[in-house]
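The lines below spell out each chain.
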Amino acid sequence: MSRYDPKEVEPRWRARWEQEGVFRTRAPREAGGKPKYYVLEMFPYPSGAIHMGHARNYVMGDVVARFKRAKGFNVLHPMGWDAFGMPAENAAIERGIHPKGWTYDNIAAMRSQLKLLGLSIDWDREFATCDPEYYGKQQRWFLDLMKRGLVYRKESVVNWDPVDNTVLANEQVVDGRGWRSGALVEKRKLTQWFLRITDYADQLIDGLKTLERWPEKVRLMQENWIGKSQGLRLRWPLVEPGPDGSDEIEVYTTRPDTLFGASFIGLAPDHPLSEALARENPDVAAFIEEARRGGATEAEIETGEKKGVFTGLYVRHPFDPQWKLPVWIANFILMGYGTGAIFACPAHDPRDLEFARKYDLPVLPVVQPPNIDDPINIEDEAYVGPGTLINSRFLNGLSVETGLAAAIRKAEELGVGAASTVYRLRDWGVSRQRYWGCPIPVIHCPRCGPVPVPDKDLPIVLPDDVSFDQPGNPLARHSTWKQASCPSCGGAAERETDTLDTFVDSSWYFARFTNPDASAPIDRDAADYWLAVDQYIGGVEHAVLHLLYARFITRALADDGMLDVREPFAGLFTQGMVTHETYRTPDGKWVEPTDVDLKVSGSTRAATRRSTGETLVIGDIEKMSKSKKNVVAPEEILGAYGVDAGRLFVLSDSPPERDVQWTAGGVEGAWRFVNRVWAEFDDLVLGDDAPTDSAAAQALRRSTHKAIKAVTEGFESFRFNSAIARLYEFVNTIKSIDRAAVGATARREALSALARLISPLVPHLAEECWTRLGDTGLIVDAPWPEFDPALAVDDELVLPVQINGKRRGEIRVKPGAAEDEVRQIALSDEAVSRHLDGATVRKVIVVKDRIVNIVAG
RNA sequence: GCCGCCGUAGCUCAGUGGUAGAGCGCAUCCUUGGUAAGGCUGAGGUCCGCAGUUCGAUCCUGCGCGGCGGCACCA
């Protein structure tokens, strides 16, 4: 007997796997006809340390990879680093470390941490997005997309931090101030690079239908994000021309059926006509200025009151030139959606109603709700439901839907408008005024304009000699880097100093993994073989941006002939977070779990602080975060219980898509399981054989094959926790058998199956067990145990017998017993007849192999 | 406000139109030569509530209640 010592066992097997190169990916021709399987977890940002959330993510992927491998697939399971981005520059600013050194040091640290997890990754394919080899290839296809018109420059309004001299993303603006500098953020117009993702909007929606192995929730989120709506663009002639000379206002509406309920026209404060009016009307100028300040963030617009100002202008109704309506500027109208102008129908739109009541504008109902006899009366709630159109001239009597189509047809006949589709999705702004990113490979020539860098000059590599001692983009103030000659005319010119959004980097890495050494950005043969990714695994926080951008880039590259697939991820799984209870001192300071003693008595729990003896307040269960100090570092667990126990625990207590709560007790339970399994294999003596058709042997074989079935199904369907529950049961069965009666053959079958069933979860332990069974070779190369349905069948079943739906007894029958026979046995059962007590049996329902119900009375 | 998910043992969660389950925790006992432990046995349930469908509902349907997430002046 020896205690199981993960500190000795686990490194030994990892060394063996590495030495034999078992996780090296097999090229198609080496695969020997095996079907391919590509497992990928979202690659990490190299922050410097692996946390439990990473660990759970990568362990899930590893279970899938190892399981599929055992099932006979040729598996690709690579790893890399999403290595560009702001934290590296912040480290440079705060600590004077170069982003490059900081990033590669972090990668080295995290790589060795990941390797401790025993993952079946092909490390030969590793790359970081900040490798010039990688981003140089990215520049190549970026220029290809540019040639195809999918890349363009446009002036757009951005959040500008005047202290840091940089553009901020919306989420970096907190209460109208820059998250780092605290300076009031300005709206500034900048010329930026954009990718034409809106060209693919319809495809991206339609493609969602084909993604059957994606969570419904993610598909819905993407559909909402793209936000397709069908409506009408409609031109309203101005009675007097605007100050900019415009003679009409174009609005967008999805409710042309309510056109005869129109009350006024509304313009966004930043609509060109609004701005023109502001130049000559101080009231309008003041209002626009106020709206701009009050609406620095979209969050503020939400809570803000509806406000507006009358412009003095009037328009004519497109369906009735006699009908004049006032033009207002209103703070709730967005320039970025539709045409930046609306027609308001207060009776049937809550926003318009609030505005109309405030400024005493007409409210004319035009939809009569169904099943109501009294004429509709609008008080303080707009009616947005279905109904029949009224007060609407040629639309009267039509339903909302048919009226909608009729109004569009009429507008088109009159030549005043056209059916139009509008998306919430905007083109993807990819410019970042940052150093640590992929340089945009363009040269600005004063004579020729923006000119793509010729292929032979790629990659445009980031200069190393940059300084972070002043705010702004170090590339822009570098003494020599940006000087270039124009590829077109040869004259003096300047390089683009913006770099690409890091979401571009992560939009194609899965394709590069199929051959990371290819001279082209993507090796077409390798990509055709491996893509799409069969199983992609990552956090739901990427449900929209990353996953949508990757889908778009895949399609764009496919249209460029670089790829065959149009959807990169055939299967997607979004896993939950790792959480932990929080602890605070009475005066509210967070305390780390390692400094907490928990005492349980009955149903109450008390926490004390180990270092001081203070009584602590047990707080909520929250995502592990440094700020709440409820973090458990993977190394702590690995040191105490080994990798396998940790792997087992993060998958055992909760369905993988949900959060899992990290508890000391839970890990100890997993550790105990490891030991219970090991005890069965350690000093394994199988003893004398007994006939495999003995009752005891049959019973064990039945358990074995039921376990094979249940665990296999658990892994196939991502129910790792329930697979683990079945394994716990199976181990309990194995430990409770009478070894002499069962005999060596059946027991060996059970243990051999057990070792292989646990191998995706606890691979080190499984290898060690495999050795004790005396099997040759590694368990990672062993085939998955085969399920034999004949052996899983019970030889006798216990059927409950209900009388009027209440369980009153049970009978024993052979599986598949005939209905008549079962009825006889049930009716003659002593407990049943006692409960029937002479009542008339009206009906007997026999559900084969499940239950008998007697209706009596 | 709109959309989605969830509600089962003290905790974390499986599960099924037909006998309510697992792990942890808790209690009792055994072992003290697997001991930074191991084992036996056990208690514990309004399957969130109400109504409906059904021979039978934790499961299906509807209406509530509670929690979580996403989107949100998107015309």
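All values reported here derive from a predicted model rather than from experimental measurement. (Residues numbered from 1 in each chain as written. Chains lettered and ligands numbered in written order. Predicted model: local features only at pLDDT ≥ 70, side-chain atom pairs only at ≥ 80, totals over all residues. Heavy atoms only, no water.)

1. Examining the overall build of chain A
Formally: Secondary structure counts use DSSP, requiring at least four H or I residues in a row for a helix and at least two E residues in a row for a strand, with both numbered from the N terminus. Partly exposed residues are those whose accessible area sits between 20% and 50% of the maximum for their type, while under 20% is buried and over 50% is exposed, using a 1.4 Å probe and protein chains only. What makes two residues a contact is simply this: any of their non-hydrogen atoms within 4.5 Å. Residue exposure ignores everything except the shown protein chains as possible cover, and the areas themselves are Shrake-Rupley values with a 1.4 Å probe. Charged-residue counts in this description rest on Lys and Arg as positive and Asp and Glu as negative, His and the chain ends being excluded. In this description, the location of a charge corresponds to atom NZ of lysine, CZ of arginine, CG of aspartate or CD of glutamate.
Helices and strands together make up the secondary structure of chain A, namely 26 helices and 35 strands. For the C-alpha atoms alone, the extent of chain A along its principal axes is close to 105 × 85 × 65 Å. For chain A, buried positions account for 52% of its 857 residues. Partitioning the intrachain contacts of chain A with sequence separation of at least 6 by distance along the chain shows that 71% fall at a separation of at least 24. Approximately 38700 Å² of chain A is accessible, and the part contributed by carbon and sulfur atoms is 49%. Taking the 104 positively charged and 123 negatively charged side chains of chain A as two groups, their mean positions are separated by 2 Å.

2. Re the protein's contact with RNA strand B
Threshold: The criterion for a residue being near a molecule or strand is simple. One of its heavy atoms has to lie within 4 Å of it. Polar contacts, as counted here, are pairs of nitrogen or oxygen atoms within 3.5 Å of one another; within protein the pair requires one atom able to donate a hydrogen and one able to accept it, and residues that are adjacent in sequence qualify only if both atoms are side-chain atoms. Residues are grouped as follows: Ala, Val, Leu, Ile, Met, Phe, Trp, Tyr, Cys and Pro are nonpolar; Asp, Glu, Lys and Arg are charged; every other residue, Gly included, is polar.
What surrounds RNA strand B is a group of 47 residues, the closest being Thr254, Tyr337, Arg351, Pro655 and Asn853. Sugar plus phosphate, as a fraction of atoms of RNA strand B within 4 Å of the protein: 61%. Within the backbone of Phe332, one N or O atom sits 3.2 Å away from a sugar or linking oxygen of RNA strand B. Contact between RNA strand B and Asn721: a sugar or linking oxygen at 3.4 Å from a side-chain N or O atom of the residue. The element contributing the most residues to the surface near RNA strand B is helix H21 (residues 720-736), with five residues. Among the residues making up the surface near RNA strand B, the classes are represented as 17 nonpolar, 11 polar and 19 charged.

3. What to know about the packing of aromatic side chains
For the record, the criterion: Each Phe, Tyr or Trp ring (for Trp, its six-membered ring) is paired with any other whose centre lies within 6.5 Å, and the angle between the two planes then decides the class: stacked below 30 degrees, edge-to-face above 60, tilted in between.
Applying the stated rule across the entire model yields 42 aromatic pairs. Put simply, the rings of Phe43, Phe127, Tyr134, Trp141, Trp508, Tyr509, Phe510, Phe513, Tyr536 and Phe569 touch in pairs and so form one group of aromatic residues.

4. Some remarks on the pattern of salt bridges
The test is simple: One speaks of a salt bridge when a side-chain nitrogen belonging to Lys or Arg is within 4 Å of a carboxyl oxygen belonging to Asp or Glu.
A complete count under the given rule lists 40 salt bridges for this structure. A salt bridge links Asp144 to Lys147; its shortest N-O distance comes to 3.6 Å. Note that Asp144 and Lys147 are positioned in helix H5 (residues 132-147) at a spacing of three residues, about one turn of the helix. Exposure remark for Asp144: the relative accessible area of 24% places this residue in the partly exposed category. One network of salt bridges, in which partners are shared, links Glu8, Arg12 and Glu768.

5. Points about the sheet that holds strand E8 (residues 228-237)
For the record, the criterion: Strands qualify as paired when DSSP identifies two bridges or more between them. Axes, fitted as lines to C-alpha atoms, cover a helix only where it is in contact. Angles between the N-to-C directions of the axes lie from 0 to 180 degrees.
Read across the sheet, three strands follow the order E9-E8-E16 without closing on themselves; strand pairing throughout is antiparallel. Among the strands making up the open sheet, the edge pair consists of strand E9 (248-253) and strand E16 (417-423). Averaged over all pairs of adjacent strands, the angle between their axes in this sheet comes to 30 degrees, without regard to strand direction. Direction of pairing for E8 relative to E16: antiparallel, over a ladder of seven bridges. Of the residues in E16, the one forming a bridge with Leu232 is Ala419.

6. Comments concerning the confidence of the model for chain A
Quick note on the threshold: Per residue, pLDDT captures the predictor's confidence, and it can take any value from 0 to 100.
Of the residues in chain A, 94% have a pLDDT of 70 or more, and the chain-wide mean is 85. Here the prediction assigns the complex a pTM of 0.87, and the interface score ipTM is 0.82.

7. Digging into helix H6 (residues 201-208)
Keep this limit in mind: The arc in question is traced by the directions running from the helix axis to the C-beta atoms.
All buried positions along H6 are accounted for by Ala201, Leu204, Ile205, Gly207 and Leu208. All buried residues of H6 fall inside an arc of 165 degrees around its axis, so they share one side. Buried residues in H6 make contact with helix H7 (216-226), E8, E16 and helix H17 (545-559).

8. Concerning the nonpolar core
Let me state the cut-off plainly: Here the nonpolar core consists of buried residues drawn from Ala, Val, Leu, Ile, Met, Phe, Trp, Tyr and Cys, with membership extended through side-chain atoms lying within 4.5 Å.
Within the largest apolar cluster, 99 residues are counted, with the highest numbers of intra-cluster contacts made by Tyr509 and Phe510. The element best represented in this core is H17, accounting for nine residues. Those residues in contact with Phe510, other than ones at most four positions away along the chain, are Tyr38, Leu40, Leu531, Val533, Ala550, Thr554, Pro568 and Phe569. Within the second largest apolar cluster, 77 residues are counted, among which are Val22, Val75, Ile724 and Ile734.

9. What about the packing of H7 against H17?
Packed helices, taken two at a time, are described by the angle between their axes plus the distance between the axes. Threshold: For classification purposes, an angle smaller than 35 degrees is called roughly parallel, one larger than 145 roughly antiparallel, one from 65 to 115 roughly perpendicular, and anything else oblique.
Contact pair H7 / H17: the axes reach a minimum separation of 10 Å and the direction vectors enclose 75 degrees. Considering their axes alone, H7 and H17 lie roughly perpendicular with respect to each other. Residues Val218, Gln222, Trp225 and Ile226 of H7 form the contact with H17, whose own contacting residues are Leu545, Leu547, Leu548 and Arg551.

10. Some thoughts on the side chain of Lys68
Residue placement: Lys68 occurs in helix H2 (residues 52-70). Engagement of the side chain of Lys68 in a polar contact is seen with the side chain of Glu716, the distance being 3.4 Å. The contact partners of Lys68, leaving out residues within four places of it in the chain, are Tyr37, Phe73, Val75 and Glu716.

11. Things to note about the packing of H21 against helix H23 (residues 744-758)
Short version of the rule: What makes a crossing left-handed is the near helix being turned counterclockwise from the far one by less than a right angle; a clockwise turn instead makes it right-handed.
At their nearest, the axes of H21 and H23 sit 11 Å apart, and the two run at 155 degrees to each other. Taken together, the axes of H21 and H23 are roughly antiparallel relative to one another. Every pair of crossing elements has a handedness; the one defined by H21 and H23 is left-handed. Across from Leu727, Phe730, Val731 and Ile734 in H21, the residues of H23 making contact are Ala750, Leu751, Leu754, Leu757 and Ile758.

12. Digging into the sheet that holds strand E22 (residues 483-485)
An order of E21-E20-E23-E22 is seen for the four strands of this open sheet, with the pairing classed as antiparallel. In this open sheet, the two strands that pair with only one neighbour each are strand E21 (449-452) and E22. The sheet shows a mean angle of 40 degrees between the axes of neighbouring strands, taken without regard to direction.

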